[in-house]
Amino acid sequence: YSLRCILGYIYRCLKNYEQAHFYLKEAINLKPKEPIAYLICGEIFFWQGDYDKAVDNLKISINYKVKINNSYIIIGNSYLFKGYYYYSIENYNIALENNPNNYLCLKNSAYSYEKRRRYLVEALKILDKLLNINMNDSLILCYYGEILCNMEQYNKAILYFTKANIIDPENTHNLNKRAIAYYILQDYDKVLLDLDKVIQLDPLNSLAYYFRSLTYYTKKDINNAVIEFKKYKELFDFNDILSKTQLFHLEYLLNKNNSTELNNILTKINQISNIKGSKLLLLIRCKIHMELKMHHEIKIDLDLLYLSKGYFEYISYFYFLQECIVDFWPLSLVNNKLGIFNGFSKHMYEKSLVYFMSNLVNLDNQLHQFQENDINSLSEKVINPKNEKLYLNLPILNKHIYNFKIIWKINVKEILHKECLIKFIIKNDSEQQEHILKYEDMLKIVGLGWIEYQLPINIYECEIQLSIEINGSINMQIDYVRFGSNNEMITCIPNMGDLLLNFHKICPNVPETLKDKYFSRKEMENLLELKDIINNLK
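Once a new chain begins, its residue numbering starts again from 1 and follows that chain's sequence as written. Thresholds applied to this predicted model are a pLDDT of at least 70 for local features of residues and 80 or more for the giving and counting of side-chain atom pairs; totals over whole chains, interfaces and linings are not thresholded and use all residues. Remark: hydrogens and water are excluded; side-chain values derive from all non-hydrogen atoms of the structure.

**Q** Describe in detail the UniProt feature "repeat: TPR" (unreviewed entry) in the chain, supporting the description with residues and values.
**A** The feature "repeat: TPR" (unreviewed entry), as given by UniProt, occupies residues 69-102, 138-171 and 172-205 in the numbering adopted here. Secondary structure within residues 138-171 divides into 79% helix and 0% strand; the distance between the first and last C-alpha atoms comes to 9 Å. Helix makes up 79% of residues 172-205 and strand 0%, with an end-to-end C-alpha separation of 9 Å. UniProt positions are given in the numbering used here, feature names are shortened, and annotations may be inferred rather than shown by experiment. Numbering of helices and strands runs from the N terminus, with a helix taken as a DSSP run of H or I at least four residues long and a strand as a DSSP run of E at least two residues long.

**Q** If you had to explain the packing of aromatic side chains to someone new, which residues and values would you point to?
**A** For any pair of aromatic rings, the description rests on two quantities: the centre-to-centre distance and the angle between the ring planes. Note on aromatic pairs: the rings of Phe, Tyr and Trp (six-membered ring only in Trp) are paired at centre separations within 6.5 Å, and the planes decide the class, stacked below 30 degrees, edge-to-face beyond 60, tilted for the rest. Across all of its chains, the model carries 26 aromatic pairs by this definition. A ring pair is formed by tyrosine 11 and tyrosine 23, whose centres lie 5.8 Å apart and whose planes are at 5 degrees; its orientation type is stacked. Of this pair, tyrosine 11 sits in helix α1 (residues 2-13) while tyrosine 23 sits in helix α2 (residues 17-30); the two residues are 12 residues apart in sequence, bridging distant segments of the chain. Under the relative-accessibility criterion, tyrosine 11 is labelled partly exposed at 23%. Ring plane angle 55 degrees and centroid distance 6.0 Å describe the contact between tyrosine 210 and tyrosine 232, whose orientation is recorded as tilted. Here tyrosine 210 is found in helix α13 (residues 206-218), whereas its partner tyrosine 232 is found in helix α14 (residues 222-235), with 22 residues between them in sequence. Residues tyrosine 210 and tyrosine 232 agree in their burial class; the two are buried. Partly exposed describes any residue whose relative accessible area lies between the buried limit of under 20% and the exposed limit of over 50%, with all areas from a 1.4 Å probe on protein chains only and scaled to the type maximum.

**Q** Tell me about a nonpolar patch on the surface, residues and numbers included.
**A** Judged by side-chain polarity, Leu7, Ile10 and Leu14 come together as a nonpolar surface patch covering roughly 260 Å² of accessible area. Looking at the element boundaries, leucine 14 is found in the loop between α1 and α2. Given the relative accessible area of 62%, leucine 14 is considered exposed. Residues enter a patch when their relative accessible area is above 30% and they make no salt bridge; the linking distance is 9 Å between like charges and 5 Å between nonpolar side chains (Val, Leu, Ile, Met, Phe, Trp, Tyr). Per-residue and other accessible areas were derived by the Shrake-Rupley procedure at a 1.4 Å probe size, with only the shown protein chains allowed to occlude residues. In what follows, salt bridge is the name for a side-chain nitrogen of Lys or Arg lying within 4 Å of a carboxyl oxygen of Asp or Glu.

**Q** Outline the side chain of asparagine 205, supporting the account with residue identities and numerical values.
**A** Take asparagine 205: it is sitting in the loop between α12 (188-201) and α13. Judged by its relative accessible area of 11%, asparagine 205 is buried. Any pair of nitrogen or oxygen atoms within 3.5 Å is treated as a polar contact; in protein, a donor-acceptor pairing is required on top of that, and neighbouring residues in sequence qualify only through side-chain atoms on both sides. A polar contact of 3.4 Å, which involves the side chain of asparagine 205, links it to the side chain of asparagine 176. Should any heavy atoms of two residues lie within 4.5 Å, those residues are counted as being in contact. What asparagine 205 contacts, discounting residues up to four positions off in sequence, is Thr172, Asn176 and Val198.

**Q** Quick rundown of the sheet that holds strand β9 (residues 463-471)? Include the residues and the values.
**A** Only strands joined by at least two bridges in the DSSP assignment are considered to pair. The strand order across the open sheet built from four strands is β4-β9-β6-β7, with neighbouring strands paired in antiparallel fashion. Of all the strands in the sheet, just β4 (390-398) and β7 (432-438) have a single pairing partner and so form its edges. Geometrically, the sheet is characterised by an average inter-axis angle of 15 degrees between neighbouring strands, direction not taken into account. Here β4 runs beside β9; their pairing, made up of seven bridges, is antiparallel. Paired with isoleucine 396 across the strands is glutamine 465, a residue of β9. Orientation is described by lines fitted to C-alpha atoms, with helices fitted over the stretch in contact, and by angles between N-to-C directions that extend from 0 to 180 degrees.

**Q** So what's going on with the side chain of asparagine 171? Which residues, and what values?
**A** With respect to the helices, strands and loops of the structure, asparagine 171 is situated in the loop between α10 (154-167) and α11 (172-184). Within polar-contact distance, the side chain of asparagine 171 engages the backbone nitrogen of histidine 173 at 3.0 Å. Apart from the residues lying within four places of it in its own chain, the contact partners of asparagine 171 are Leu139 and Leu514.

**Q** Run through the nonpolar core, naming residues and quoting values.
**A** Here, the term nonpolar core denotes a set of buried Ala, Val, Leu, Ile, Met, Phe, Trp, Tyr and Cys residues that are joined through side-chain atoms within 4.5 Å. Ile36, Ile40 and Leu127 are the most contacted members of the largest nonpolar core, which has 129 residues in total. Here the element with the most residues in this core is helix α3 (residues 36-47); it accounts for 10 residues. In terms of nonpolar packing, the next biggest core, distinct from the first, is built from 43 residues, Ile383, Leu390, Leu397 and Ile457 among them.

**Q** Requested: an account of the packing of helix α9 (residues 138-150) against α10, with residues and values cited.
**A** In the contact formed by α9 and α10, the axes pass within 8 Å of each other and the chain directions differ by 165 degrees. Judged on the interaxial angle alone, α10 and α9 are roughly antiparallel. The element α9 and its partner α10 pack so that their crossing is left-handed. For the pair α9 and α10, the contacting residues are Ser138, Leu141, Cys142, Tyr144, Gly145, Glu146, Leu148 and Cys149 in the first and Tyr154, Lys156, Ala157, Tyr160, Phe161, Lys163, Ala164 and Ile167 in the second. Its residues assigned to classes, the contact of α9 with α10 comprises 11 nonpolar, two polar and three charged. Convention used here: angles under 35 degrees read as roughly parallel, angles over 145 as roughly antiparallel, angles from 65 to 115 as roughly perpendicular, and any remaining angle as oblique. In a left-handed crossing the near helix is turned counterclockwise from the far helix by less than a right angle, and in a right-handed crossing that turn is clockwise. Residue type decides the class: Asp, Glu, Lys and Arg count as charged, Ala, Val, Leu, Ile, Met, Phe, Trp, Tyr, Cys and Pro as nonpolar, and the leftover types, Gly among them, as polar.

**Q** Break down the pairing of β7 for me, with residues and values.
**A** Pairing of strand β6 (residues 421-427) with β7, which is carried by seven bridges, proceeds in the antiparallel orientation. Its bridge partner being in β7, phenylalanine 424 is matched across the sheet by histidine 435. Once β6 ends, the chain turns through four residues before running back antiparallel as β7.

**Q** An account of the environment of asparagine 108 is needed here, citing residue identities and associated values.
**A** Tracing the sequence through the fold places asparagine 108 in helix α7 (residues 103-115). According to the relative accessible area criterion, asparagine 108 is buried, its value standing at 0%. Distance from asparagine 108 to leucine 14, taken between C-alpha atoms, is 26 Å for residues 94 residues apart in sequence. Discounting chain neighbours no more than four positions away, the residues touching asparagine 108 are Asn77, Leu80, Tyr92, Tyr518, Phe519 and Met524.

**Q** Could you give an account of α9, with specific residues and numbers?
**A** To estimate the expected span of a helix, subtract one from its residue number and multiply by 1.5 Å. Its 13 residues give α9 an end-to-end C-alpha distance of 19 Å, which sits within 8% of 18 Å, the value for a rise of 1.5 Å per residue. Counting buried residues in α9 gives 13 out of 13 residues, a clear majority hidden from the surface. Of the residues that open α9, the one with a side-chain oxygen 3.1 Å from the backbone nitrogen of leucine 139 is aspartate 137.

**Q** Tell me about the pattern of salt bridges, residues and numbers included.
**A** Inspection of every chain in the model, using the stated rule, returns 21 salt bridges. Among the ionic pairs, glutamate 43 bridges to arginine 12, the shortest N-O distance being 2.6 Å. Of the two residues, glutamate 43 is situated in helix α3 and arginine 12 in helix α1; the sequence distance between them amounts to 31 residues. For the pair glutamate 43 and arginine 12, one class covers both residues: buried. A salt bridge links glutamate 452 to arginine 482; the shortest N-O distance between them is 2.8 Å. With glutamate 452 in strand β8 (residues 451-454) and arginine 482 in strand β10 (residues 474-484), this residue pair connects regions lying 30 residues apart in the sequence. On the accessibility criterion, arginine 482 (3% relative accessible area) is buried. Among the ionic contacts, a cluster of salt bridges with common partners joins Asp196, Arg212, Glu228 and Lys231.

What follows is the structure, encoded as structure tokens:
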């Protein structure tokens with residue numbers, strides 16, 4: 001048995017997997033309840049890309065009490081490449097109990113948490129640990145910045161991108177990501193500086209030309225936007241759905257007022273067979289339909305987008321479509337006890353469980369004094385207590401989901417006095433619950449701009465009544481309340497401008513773009529060493 005295991009391992013090192021499996025199968029037949037042959041077998045299946053067989057053999061090895069800690073990392077890696085991040089995390093955590101500073105395990109664990117959108121407590125905590133081990137790892141610094149962008153913390157993300165750039169100034173991926181962050185913060189001159197560096201390092205970098213065209217367009221420099229668009233068109237990959245989406249996006253922006261060209265773009269988009277699987281393409285098509293006032297087609301696109309995401313993320317599409325919304329939704333009399341007087345507000349309440357504060361003003365004329373215009377509101381109207389004490393009592397709201405949280409969209413601009421609070425009240429037939437933000441709590445959100453604040457309370461009832469009480473001198477705005485679920489208690493809502501929706505999340509991150517460096521084959525090959533096998537053979 002021992003000789004066959006060692007022979008199997010040697011042939012594995014020689015990459016003669018067929019011969020390795022031959023000896024390992026003989027070893028298993030001799031001693032079917034010994035773990036080492038299964039372990040080597042599982043690791044070989046991993047390198048062959050057969051992750052199901054890898055997991056099966058590694059599980060058997062663990063069940064038969066293999067005493068090699070790296071076996072948990074190998075099975076974690078198998079789950080990772082299968083996309084089963086919950087199970088990869090589970091196995092990495094076991095491995096880290098015995099070897100808490102294993103660099104490879106920490107990197108792969110951070111990626112697994114990021115893919116599950118568990119950013120703040122888990123992913124960033126692990127990246128902090130990696131930077132404590134090696135503060136000059138530019139890939140980790142860049143990845144840290146990417147996760148901060150996912151959390152809409154763009155200023156902080158730029159600090160990490162900049163540190164990564166100092167260590168590795170030729171990393172064009174890092175420069176592109178910093179340019180995206182600068183774009184969202186509307187620092188367009190710095191965007192162009194970073195993109196110039198990218199093109200100097202890599203003249204064929206199509207993403208840089210896409211962002212240069214978009215940035216010039218946003219600056220209303222249409223001539224340069226067109227020049228950069230033509231360069232992008234020469235370089236883009238027509239077989240890549242994201243590249244095609246970027247192309248159509250730029251074409252749409254540069255031809256907004258040309259109905260003939262917009263129809264030509266529609267024709268090209270409709271020729272794509274799998275458009276239902278691309279939400280970004282659907283968004284662009286919907287926006288073109290809105291420009292052309294094609295109401296029936298708009299409804300089809302919105303229904304497809306709704307089906308693709310469900311209740312909780314559907315609302316984000318309307319930020320991308322915002323400038324066209326008012327023209328599309330006709331004012332129709334849908335008056336009811338909720339104060340919903342127009343078709344768009346009705347749609348958002350029924351589809352996305354969003355209740356605008358402008359609806360509440362329709363129910364109480366006295367609230368008109370607190371209403372003001374705001375272009376960052378989907379309804380274009382918000383409530384501002386104007387430093388006065390204000391109590392908003394919403395009507396009874398019905399929802400058609402079971403377990404959910406309550407999310408308020410608010411913008412705390414300034415706190416003028418420490419003696420202040422914001423009280424959120426939830427009533428149902430059986431009880432009343434409260435969540436209070438005091439001065440110290442509000443310091444965490446003041447100045448962040450528009451955010452979604454998720455109350456840390458699970459709600460199960462179908463009918464509830466919500467209230468919000470504002471006491472003290474607080475300069476703040478309230479846009480809406482909705483039912484749903486976010487990954488974080490505080491979610492910033494950035495001014496995306498003309499950037500494709502959540503582009504910083506869609507554009508591949510460090511582990512995916514630079515996978516040969518992040519998921520180092522050399523590091524993974526060293527997880528199973530001959531000395532470990534010999535020491536564990538009886």
